[in-house]
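Per-entry structural report
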Amino acid sequence: MKPLQILDYFRDRQANVLDLIHEIVEIETPTRDVAGSQTVTTFLERTARTISKSFEIEMIFAEGYGEHFILRTFASGEKPILLLGHTDTVHPRASFKNNPTRIENDKFYGCGIFDMKGNCVLTLEILRLFSELNLKPPRPITILLSCDEEIGSPTGRALVEREARNAAFCLVCEPSAGGKVKTGRKGTGTFNLKVRGVPAHAGLEPERGASAILEISRQIEKLHSLNNFDSGTTVTVGTVRGGTTSNVVPAEAECAIDIRFRSMSEAERIADKIKNLNSFDERTKLEITGAINRPPMERTENVVNLYEKARNIALQLNYDLGETQVGGASDGNFVGALGVPVLDGLGIAGDGAHTLEEYIFIDDIPKRAALLALLLLAD
Ligand SMILES: [Zn+2]
């Protein structure tokens, strides 16, 4: 089968694929919305069954989070290829009112369409291609779509690692970056700093108070001084709150801290600094919680080899597949940390992840589907 014939197959399927994407986007799945999550796994199972009755499908319930979806094509002595993604989105219910699911010119808009429900449909469409054209990929395929990626995969991580450990390599169907695949991702960590001050009446005896807000603002300056954009280390205080009312020296304040890094040694250095912050005013007390969440996905030789393979396939499909390294983490970080070859950001081109402007380019759907299919057939 020639690469361009596979592209033609997906172009012919385009209307059906658009319908399926429309359907999955309309099932709202903010992380922790168990009912929404189960509706989407049921949709995926039903769609998969229209392709083959023999897929082994496993739905794993994660109380309070949703349901993970795993599909295995066939058993064989060969290690499978893992197609990885997630079904949850960052959009609360009813967000679609502000970004209705619709096609306008060459763009298909919808909440979570780019990150990454359109790609959830693609993983199944590739299996449909294999089935309808009777193509036999050399390795079994495992699709894992987790339900809590957007909050750092508290329950999905163990599954991702379990499936990745067994895999020959892993293709992460997360959004591309301006059409480019992701060959490196920073690691992430989140921390929370709580300051306990000493409350006092602002008019009667303010000198007896120790302001938690003053203390936290000094700590925030210190935290920001840890930023080093050249080395890729970033420390961002994303939210801050404190105090009770305007005439009381505030007893409490807290802030949320996001850290990003390119190496584990840097992660440990920064985490250490945060955990060992000391009060400027000794009358205030600091409580620091949190940890490193995802290790960095480094651009190893394994990753580059997989990228080169994908790039060659894209050339046969008449387009150039670029690569980039990004600050955002995904479950691909966990896979990379295990030393398993991984290529991330293979999803449909588009933009506006995590915003109400989210869309994909409809012309890119067949190109991405063909690329993924050929990667699975090539090995
Ligand atoms: Zn995502």
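These notes cover the structure that comes with them. If you're wondering where the values come from, they're calculated on a predicted model, not measured in any experiment. (Residues numbered from 1 in each chain as written. Predicted model: local features only at pLDDT ≥ 70, side-chain atom pairs only at ≥ 80, totals over all residues.)

Take Leu338: it is sitting in the loop between helix 8 (332-337) and strand 16 (342-343). Placed 46 residues apart in sequence, Leu338 and Ile292 show a C-alpha to C-alpha distance of 16 Å. If we skip the residues at most four places from it in the chain, Leu338 touches Glu161, Ala164 and Arg165. (Helix = DSSP H or I, 4+ residues; strand = E, 2+ residues; numbered from the N terminus. Contact = placed C-beta atoms within 7 Å.)

Now for the sheet that holds strand 5 (residues 107-109). An order of 4-5-18-17 is seen for the 4 strands of this open sheet, with the pairing classed as antiparallel. Two strands in the sheet have a free side with no partner beyond their single neighbour: strand 4 (102-104) and strand 17 (350-351). Bridge count for strand 17 against strand 18 (residues 359-361) is 2 bridges, and the pairing is antiparallel. When the bridges of strand 18 are listed, Gly350 appears paired with Ile360. Helix 3 (residues 113-132) contacts strand 5, strand 17 and strand 18 of the sheet and is inclined by roughly 55° relative to strand 18. (Pairing = 2+ DSSP bridges. Axes fitted to C-alpha atoms, helices over the stretch in contact; angles between N-to-C directions.)

What follows covers the environment of Thr47. Mapped onto the elements, Thr47 comes out in helix 2 (residues 34-49). Of the residues examined, Thr47 has 18 C-beta atoms within 10 Å and is grouped as partly exposed. Linking Thr47 and Glu125, residues 78 residues apart in sequence, is a C-alpha distance of 9.4 Å. Once you skip the residues sitting within four places of it in the chain, Thr47 turns out to touch Leu20 and Leu124. (Buried ≥ 20, exposed ≤ 12 C-beta atoms within 10 Å, placed from the backbone.)

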